Amino acid sequence: MGRPLLNRRLAEFGTTIFAEMSALAQRTGAINLGQGFPDTDGPEEIREAAVRALRDGRGNQYPPGPGVPELRQAVADHQRRFHGLTYDPDTEVLVTAGATEAIAATLLALLEPGDEVIALEPYYDSYAAGVAMAGGRRVPVTLRPHEGRFRLDLDELRAAVTPRTRLILLNTPHNPTGTVLTRDELAAIAELACERDLLVVTDEVYEHLVFDGEHLPLAGFGDRFPGLRDRVVTISSAGKTFSYTGWKVGWVTAAPALVSAVRSAKQYLTYVSAGPFQYAVAEALALPDAYFTDLRADLRHKRDILAEGLRTAGFEVYQPAGTYFITTDVAPLGEKDAYDFCRALPERCGVVAVPNSVFYDNPDAARTHVRFAFCKRAEVLTEAATRLRTAFAR
Ligand SMILES: *Cc1c(COP(=O)(O)O)cnc(C)c1O
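Values in this document were obtained by computation on a predicted structure and should not be read as measured data.

Undergrad: Help me understand the environment of Leu388 in this model?
TA: Residue position: Leu388 is located in helix H13 (residues 378–392). A residue is classified by how much of its surface remains accessible, and Leu388, at 0% relative accessible area, is buried. Between the C-alpha atom of Leu388 and that of Lys376, which follows or precedes it by 12 residues, the distance is 16 Å. Apart from the residues within four sequence positions on either side, Leu388 is in contact with Leu310, Ala313, Phe315, Leu345, Cys349, Val351, Phe372 and Ala393.

Undergrad: It is not clear to me how the packing of helix H4 (residues 98–110) against helix H9 (residues 256–266) should be interpreted in this structure. Could you clarify?
TA: The relative placement of two packed helices is expressed as an angle between their axes plus a distance between the axes. Relative to each other, H4 and H9 sit at 105°, their axes nearing to 8 Å. In terms of their interaxial angle, H4 and H9 are classed as roughly perpendicular. Listed contacts from H9 to Glu101, Ala105, Thr106, Leu108, Ala109 and Leu110 of H4 are Leu258, Ala261, Val262, Ala265 and Lys266. Residue composition of the contact of H4 with H9, by class: 8 nonpolar, 1 polar and 2 charged.

Undergrad: Before we go on, may I ask you to explain helix H3 (residues 69–83) in this structure?
TA: In an α-helix, one turn spans 3.6 residues; hence positions three or four apart end up facing the same way. Here H3 is 15 residues long and its end C-alpha atoms lie 21 Å apart, about the 21 Å a rise of 1.5 Å per residue gives. Residues of H3 that are buried: Leu71, Arg72, Ala74, Val75, Ala76, His78, Gln79 and His83. Looking at the packing, one finds that the buried side of H3 touches strand S2 (93–96), strand S9 (232–237), strand S10 (250–253) and helix H10 (275–285). Following H3 by one or two positions, Gly84 has its phi on the positive side, about 65°.

Undergrad: What exactly am I supposed to notice about the pairing of strand S7 (residues 165–171) here?
TA: On any regular strand, side chains alternate: one points to one face of the sheet, the next to the other face. Counting buried positions over the 7 residues of S7 gives 6, a clear majority of the element. Bridge analysis of strand S3 (residues 116–121) against S7 gives 4 bridges, and the strand direction is parallel. Within the sheet, the bridge partner assigned to Ile118 lies in S7 and is Ile168. Pairing of S7 with strand S8 (residues 199–203) involves 5 bridges; the strand directions are parallel. Directly across from Asn171, in S8, lies its bridge partner Asp203. The handedness of the S7 to S8 crossover, carried by helix H7 (residues 183–195), is right-handed.

Undergrad: Hey, could you run me through the pairing of S9 in this one?
TA: Most of S9 sits inside the fold, with 6 of its 6 residues counted as buried. Burial of the side chains of S9 extends over both faces: Val232, Thr234 and Ser236 are buried on one face and Val233, Ile235 and Ser237 on the other. Relative to S9, S8 runs parallel, the two being bridged by 4 bridges. Opposite Val200, over in S9, you have Val232 as the bridge partner. Alignment of S9 against S10, held across 4 bridges, turns out to be antiparallel. Bridge assignment links Thr234 to a residue of S10, and that residue is Thr253.

Undergrad: Looking at this structure, how should I read a nonpolar patch on the surface?
TA: Together, Leu108, Met133 and Leu269 line one region of the surface with nonpolar side chains, adding up to about 250 Å² of accessible area. Among the secondary structure elements, Met133 is positioned in helix H5 (residues 125–133).

Undergrad: Got a minute to help me understand the site of the ligand in this structure?
TA: Taken together, Gly98, Ala99, Thr100, Tyr124, Asn171, Asn175, Asp203, Val205, Tyr206, Ser237, Lys240 and Lys248 make up the full set of residues adjacent to the ligand. In this structure, an oxygen atom belonging to the ligand sits 2.8 Å away from a main-chain N or O atom of Ala99. Here a nitrogen atom of the ligand sits 2.6 Å away from a polar atom, N or O, in the side chain of Asp203. Protein burial of the ligand: of its 390 Å² of free accessible surface, 94% is covered by the chains.

Undergrad: Before we go on, may I ask you to explain the sheet that holds S10 in this structure?
TA: In space, the 7 strands of this open sheet follow the order S2-S10-S9-S8-S7-S3-S4, with mixed pairing throughout. Each edge of the sheet is formed by a strand with only one pairing partner; in this case those strands are S2 and strand S4 (137–142). Strand-to-strand twist across the sheet, computed as the mean angle between neighbouring axes with direction ignored, equals 20°. Looking at chain direction, S2 and S10 are connected through 4 bridges and run antiparallel. Directly across from Thr96, in S10, lies its bridge partner Gly250.

Undergrad: Even after reading the chapter, I still don't get the pattern of salt bridges, so can you show me in this structure?
TA: Evaluation of the coordinates by the stated rule reveals 26 salt bridges. Salt-bridge contacts for Arg343 lead to Glu20; the nearest nitrogen and oxygen are separated by 3.3 Å. Residue Arg343 is found in helix H12 (residues 338–349), and its partner Glu20 is found in helix H1 (residues 17–28); the two are separated by 323 residues along the sequence. Exposure remark for Glu20: the relative accessible area of 34% places this residue in the partly exposed category. In this structure, the salt-bridge partner of Glu185 is Arg149, at a minimum N-O distance of 2.9 Å.

Rules behind the numbers
Numbers given to residues run from 1 along each chain, matching the order in which its sequence is written. Local features in a predicted model are, by the rule used here, given only for residues with pLDDT of at least 70; side-chain atom pairs are given and counted only at 80 or more, and totals for whole chains, interfaces and linings are based on all residues. Just so you know, side-chain values use all the structure's heavy atoms and leave hydrogens and water out. Secondary structure elements follow DSSP: runs of H or I no shorter than four residues count as helices, runs of E no shorter than two count as strands, and numbering proceeds from the N terminus. For every residue, the accessible area (1.4 Å probe, protein chains only) is compared with the maximum for its type, and the residue is labelled buried under 20%, exposed over 50%, or partly exposed between those bounds. Whether two residues are in contact is decided by their heavy atoms, any of which lying within 4.5 Å being enough. A fitted line through C-alpha atoms serves as each axis, taken over the contacting stretch for helices, and the angle formed by two N-to-C directions is quoted from 0 to 180°. Any angle that falls under 35 degrees is termed roughly parallel, while one over 145 is termed roughly antiparallel, one within 65 to 115 roughly perpendicular, and all others oblique. Each residue gets one label: Ala, Val, Leu, Ile, Met, Phe, Trp, Tyr, Cys and Pro are nonpolar, Asp, Glu, Lys and Arg are charged, and the others, such as Gly, are polar. Working rule for helices: expected span equals 1.5 Å times residues minus one. Should DSSP find at least two bridges between two strands, the strands are regarded as paired. Crossover handedness is defined by viewing with both strands directed away from the observer: a clockwise path from the first strand over the helix to the second marks the crossover as right-handed. What makes a patch is a set of residues exposed beyond 30% relative accessible area and free of salt bridges, joined within 9 Å when like-charged and within 5 Å when nonpolar (Val, Leu, Ile, Met, Phe, Trp, Tyr). Only the protein chains shown count as cover for residues, and the accessible areas themselves come from Shrake-Rupley with a 1.4 Å probe. Every case where a carboxyl oxygen of Asp or Glu lies within 4 Å of a side-chain nitrogen of Lys or Arg is listed as a salt bridge. If a single non-hydrogen atom of a residue is within 4 Å of a molecule or strand, that residue counts as near it. In protein, a polar contact means a hydrogen-donor-capable atom and an acceptor-capable atom, both N or O and within 3.5 Å, with residues adjacent in sequence counting only if both atoms are side-chain atoms; elsewhere, any N or O pair within 3.5 Å suffices.

This is a description of form; function is not addressed.
Here is the structure:
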């Protein structure tokens, strides 16, 4: 047994921070603002649509590999309705087991060992693991706070491109910083991709959760940058938009050659998944505009409750323009290390949060940054805000 069981590619990905912090929440009975899942279910009619599909025997056996036609059509209709983007449901849409599988399958399909992947740091934890499983090398470009917002340094991004760079892995709206990439930032990325012959994979699972400004899909820059359409893989999912994170229904939209490549990897990961839920998500994507505006208004209100509580407690709050998360700086509280702070927080005031350093290759950029999730019931957030104020406000 001289050799470690977990292979070298995955050795650094033992357990996630969420397992550690959720166990801590359970042990102490603290309010868990660590992990980003809602504490109430999404629309009842969508849940009933899933029940109906189960009862009617729709999707109980292997659905088609690319996804059920109803859902592929609904994804295409959604991309047109909200973003003015046109995709052929037969050749340009692929249904996956959540955005997570879409990301993994895309990286496994598109990378050769040794290829470099530029990712915006801090990044969602599955990116690093996905790149590692595909044998790629991740190259972080760090988002840094500037005038209250985490900003992408375009010169740094350009400088990170080498002859080995295969793709840029984007995420907007961005977890964990809550930043929404601007029109200028996205145009610069599109231009860079075309100029340097790069692919771009863009994770847009929070596309409907923007509170200030608007979400712009990178694929929408195809009119200005000829050739972009053949370089962009767009990924989204139902989990965050419809508050059913356990259903794990995601999708890829891209040009036919890219979808076909991703499908080659996907078919040997899960082949298919979530049959009956696919029918329910097809209905969800066609919900009236009011659903989407109400969701946004509800989460904006929740963001404001928690942000106000954190500010009053003395945290520096980087106001998120989107997503489920607020990144804060605990340095103004005299704290030196976010990890220690998060380990002690449940005992100090009955709240769980996560240190942003776990989302970095260069954790020095975030030694005192702490992430709180606000996708919880308003009364839970109000209670958390009270506890934080009582413990920290001077
Ligand atoms: C939650 C999340 C995902 C995972 O989406 P699933 O559909 O649950 O797999 C992917 N990317 C980001 C940035 C997320 O926050």
